[in-house]
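Below, each chain spelled out in residue letters.
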Amino acid sequence: AQSVSQHNHHVILSEAASLELGCNYSYGGTVNLFWYVQYPGQHLQLLLKYFSGDPLVKGIKGFEAEFIKSKFSFNLRKPSVQWSDTAEYFCAFNTNAGKSTFGDGTTLTVKP
Amino acid sequence: EPEVTQTPSHQVTQMGQEVILRCVPISNHLYFYWYRQILGQKVEFLVSFYNNEISEKSEIFDDQFSVERPDGSNFTLKIRSTKLEDSAMYFCASSGTSTSNTGELFFGEGSRLTVL
């Protein structure tokens, strides 16, 4: 069965700390990978995506993610977080533009 | 920038009542979805819709649920007889045009359903 595993349920950081959120997916074929963010009280929005090509993708607000095919991973990183990055982060994938499967989400709290 | 809109933003209903949640997807998108998120839990797939029919549905999407695209713009989710466990945030999403479909989802702001 298709699944996404996000290793951290809740991460608490101080401003300027570096961030890495883990994501592993379970599927044997070609996938499209996504990170979505949900700021408090707002809807889900796309942070970044990987379809093909350079496995290091850059998204909005200084976020980046690296696809490592051999590890089935798509970890999200940011070198220096800000208070405004406080949100819930969801890793997701789909196959051949079918349904997207989401991870459980990671709540990031950034302390000012 | 085009966006997905949902109404109502919040609906409170009594158990056993019918509820219709409405969505207006992005106008040139061809694929439509409903997801739900129970408070504090993950985003769960309910159903996908393409070419005027359901293309995939989850185990959650039982006979109490139905979807419809009654005209060229709206996409609705109906829950026939609501249960307490249907309380959740329901997100509509759309994706894909006639020239490109990578599955990137564009979400609405959600409709919070509270069943009492």
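Structure: above.
The following paragraphs examine the structure supplied in this document. (Residues numbered from 1 in each chain as written. Chains lettered and ligands numbered in written order. Predicted model: local features only at pLDDT ≥ 70, side-chain atom pairs only at ≥ 80, totals over all residues. Heavy atoms only, no water.)

### Some thoughts on the state of the cysteines
Residues and elements named next belong to chain A. According to the stated counting rule, one finds two disulfides over all chains in the structure shown. Across the disulfide, cysteine 23 is cross-linked to cysteine 91 (sulfur-sulfur distance 1.9 Å). The chirality of the disulfide connecting cysteine 23 with cysteine 91 is left-handed, given an S-S dihedral of about -65 degrees. Here cysteine 91 lies in strand β10 (residues 87-94) and cysteine 23 lies in strand β4 (residues 23-26), a separation of 68 residues in the sequence. The class of cysteine 23 is buried, set by a relative accessible area of 0%. (Disulfide = S-S within 2.5 Å. Helix = DSSP H or I, 4+ residues; strand = E, 2+ residues; numbered from the N terminus. Buried < 20%, exposed > 50% of the residue type's maximum accessible area, 1.4 Å probe, protein only.)

### What to know about the pattern of salt bridges
Residues and elements named next belong to chain A. With the rule as written, the count across this model stands at eight salt bridges over all chains. Between arginine 77 and glutamate 64 there is a salt bridge, and its shortest N-O distance comes to 3.4 Å. Note that arginine 77 is positioned in strand β9 (residues 73-78) and glutamate 64 in strand β8 (residues 64-68), a separation of 13 residues in sequence. Residue arginine 77 is classed as partly exposed on the basis of its relative accessible area of 22%. For aspartate 85, the salt bridge identified is with lysine 78, shortest N-O distance 2.8 Å. Its relative accessible area of 1% is what places aspartate 85 among the buried residues. Residue class for lysine 78 comes out buried when judged on its relative accessible area of 6%. Put simply, Lys58, Glu64, Glu66 and Arg77 are held in one network by salt bridges that share partners. (Salt bridge = Lys/Arg side-chain N within 4 Å of Asp/Glu carboxyl O.)

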